[in-house]
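# Chains, contacts and geometry: an overview
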Amino acid sequence: MRIFDTDVQKLKYEILREVARHAYEDRLIDCYTDIPVAMAPGPKATMRCCVYKERAIAVERVKLAMGGNKDNPNTIEVIGIACDECPVSTYQVTDVCRGCLAHHCAAACPRGAISFDENQKAHIDPDKCVECGKCAEACPYGAIANRKRPCERACKVKAISEGENHVAHIDNDKCIQCGACVYQCPFGAISQKSFILDAIQMLRESEATKAFNVYAVVAPSIASQFRYAKLGQVVTALKRLGFYNVVEAALGADIVAYAEARELAEKGFLTSSCCPAFVSYIHKQFPKMVDKISHNPSPMVAISKYIKETDPEAKVVFIGPCTAKKAEAQKEEAKPWVDCVLTFDELQALIDSRDFDVSELEESDLDNASYYGRIFARSGGLSDAVVQALKEQNIDFTVKPAVCDGIEQCRMALLKASRGALPENFIEGMACVGGCIGGAGCLTHGAKDKSEVDKYGMEAFEKTIADALKVL
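Residues numbered from 1 in each chain as written. Predicted model: local features only at pLDDT ≥ 70, side-chain atom pairs only at ≥ 80, totals over all residues. Heavy atoms only, no water.

## Some words on the confidence of the model for the protein
- The predicted model of the protein averages 91 in pLDDT, with 95% of residues at 70 or higher.
- Confidence over residues 41-45 falls short of pLDDT 50; this stretch has six contacts with residues more than four positions distant or in other chains. (pLDDT = per-residue confidence, 0-100. Contact = heavy atoms within 4.5 Å.)

Okay, here's the thing in structure tokens:
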């Protein structure tokens, strides 16, 4: 069964798996020689112009798998040597241009960037073009194409531009670390740093010293992943890796829903605080709205805090689909509670580095949270949970949610709210389309159907949020 959408994902996974395997075998020193050779065997390159470039890129991927550039605070990095295949981003006139007399394109251009040759064929001056796209919209033949790079097209906050030697450049002051560019780059030139070695170190030290327990906190979007096995088998796999216990982040979502409902009723207007990329977007693009962000922690932080207050020596590894969670874990409010963040593709690499088949394992229970905590994984789930939390707490307040599915919808809602023109009183912001099930760290990005998450939630439908919180 095919686990990954693309060969680029598979390649990154293979390097992560081998780095993890080398770590378990105490052979990390060999990573820079063993793994690049394994990634580019034989005399011919598999993806590039020559085997030498293929191996050089593999070495850079190994570095990212081992934590990346420590001086760069961003968890998303560009592999410069791999980023050289895309055309310069701009609008271009194609050979479909008929040289018509109307010249709608020139009339639509606000900068006078379009001229015509002796055959009346249009040409765009790149020095004048501001890439507004009005010419492309106006052309009746569709002869003007947007040749924007996939990474630039994917980045809805305009944090990516063309840097030196045509290599993609990420502006850390704009980047919200959502990882959309990571998945969309066809050459895998943009990737996330991995902290898989930190997780392995904790697991091995825990096993050797018995001085502390390592807990796995799994995001509810796990229900749409690992389709080759049952969820209970994945839980068993985590325990086999050395995790002392597996806890649902959805239980943290239950905690947050109860508290966020009270805060909303008290203040009358809030934006959610669960998606770290959305919160980062507010700080960077709408600083005057920062005071409207819920003061509650994210579900990841809430449940990790509970674990460590219950077991003070514990270590917590969060596992989910989100690259921005890696950045959130570095913040002062999260550092004391979350020790490491892995994405689902990294978990797959970690499991496979130990050479056991998840689909052959027995099942273990994962039964911490309510239906409402579990549906946080998809767009609209948080709003549903807040409505339920108000009801359970007998709070008389009517929620009018603006459910924002993707950063573009977030932008529109925040723009209206900042101008006092938003009719809703609660902004549920999800940077990824579909919610967490559309996160960059998913195994497959075709699994955005919320039905899998709702089905998972229904397994706990008899629980109210209050029932779930009774275990705390």
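## So, a positive patch on the surface
- Taken together, the side chains of K158, K174, R411 and R419 make up a positively charged region of the molecular surface.
- Mapped onto the secondary structure, K174 falls in the loop between strand 7 (168-170) and helix 7 (180-184). (Patch = residues over 30% accessible without salt bridge, like charges linked within 9 Å, V, L, I, M, F, W, Y side chains within 5 Å. Areas by Shrake-Rupley, 256 points an atom, 1.4 Å probe, with all protein chains shown as cover. Salt bridge = Lys/Arg side-chain N within 4 Å of Asp/Glu carboxyl O. Lys, Arg positive; Asp, Glu negative; His and termini not counted. Charge placed at Lys NZ, Arg CZ, Asp CG, Glu CD. Helix = DSSP H or I, 4+ residues; strand = E, 2+ residues; numbered from the N terminus.)

## A few points about the sheet that holds strand 9 (residues 214-218)
- Taken in spatial order, the four strands of this open sheet run 10-9-12-13, and their pairing is parallel. The two strands at the open ends of the sheet, each matched to only one other strand, are strand 10 (245-248) and strand 13 (340-343). With direction set aside, neighbouring strand axes in the sheet form an average angle of 25°.
- Summarising the sheet, strand 9 and strand 12 (residues 315-320) pair through five bridges and their orientation is parallel. Within the sheet, the bridge partner assigned to A216 lies in strand 12 and is V317.
- Here helix 14 (residues 344-353) sits on the sheet in contact with strand 12 and strand 13, set at roughly 90° to strand 13. (Pairing = 2+ DSSP bridges. Axes fitted to C-alpha atoms, helices over the stretch in contact; angles between N-to-C directions.)

## A closer look at the pairing of strand 10
- Sheet topology note: the strand 9/strand 10 ladder contains four bridges and is parallel. Paired with V218 across the strands is E248, a residue of strand 10.
- Crossover strand 9 to strand 10 through helix 9 (residues 231-241) is right-handed. (Right-handed = clockwise from strand over helix to strand, strands pointing away.)

## Thoughts on the side chain of E428
- Within the secondary structure, E428 sits in strand 15 (residues 426-430).
- The buried charged residue E428 lacks any salt bridge, with R378 as its nearest oppositely charged partner at 7.0 Å.
- Within polar-contact distance, the side chain of E428 engages the backbone nitrogen of G380 at 2.7 Å. (Buried < 20%, exposed > 50% of the residue type's maximum accessible area, 1.4 Å probe, protein only. Polar contact = N/O pair within 3.5 Å; in protein donor to acceptor, adjacent residues only side chain to side chain.)

## Side note on the pairing of strand 15
- Most of strand 15 sits inside the fold, with five of its five residues counted as buried.
- Bridging between strand 11 (residues 270-271) and strand 15 involves two bridges; their strand directions are parallel. Within the sheet, the bridge partner assigned to L270 lies in strand 15 and is F426.
- The β-α-β motif built from strand 14 (residues 401-405), the intervening helix 17 (residues 407-418) and the parallel element strand 15 has right-handed crossover chirality.

## Topic: helix 10 (residues 249-267)
- Across its 19 residues, helix 10 extends 26 Å between first and last C-alpha, which sits within 8% of the 27 Å expected from 1.5 Å per residue.
- Summarising burial for helix 10: 14 of the 19 residues are buried, a large majority. (Expected span 1.5 Å × (residues − 1).)

## Some details on the environment of D357
- Within the fold, D357 resides in the loop between helix 14 and helix 15 (371-374).
- The exposure class assigned to D357 is partly exposed, which follows from its relative accessible area of 35%.
- Between the C-alpha atom of D357 and that of D198, which follows or precedes it by 159 residues, the distance is 23 Å.

## Considerations on the state of the cysteines
- If you walk through the whole model with that rule in mind, you get zero disulfides.
- The closest cysteine sulfur to the non-disulfide-bonded C97 is located on C139, 6.6 Å from its own sulfur.
- Exposure remark for C97: the relative accessible area of 14% places this residue in the buried category.
- C132 supplies the cysteine sulfur nearest to C109, a cysteine that is in no disulfide, at a spacing of 6.1 Å. (Disulfide = S-S within 2.5 Å.)

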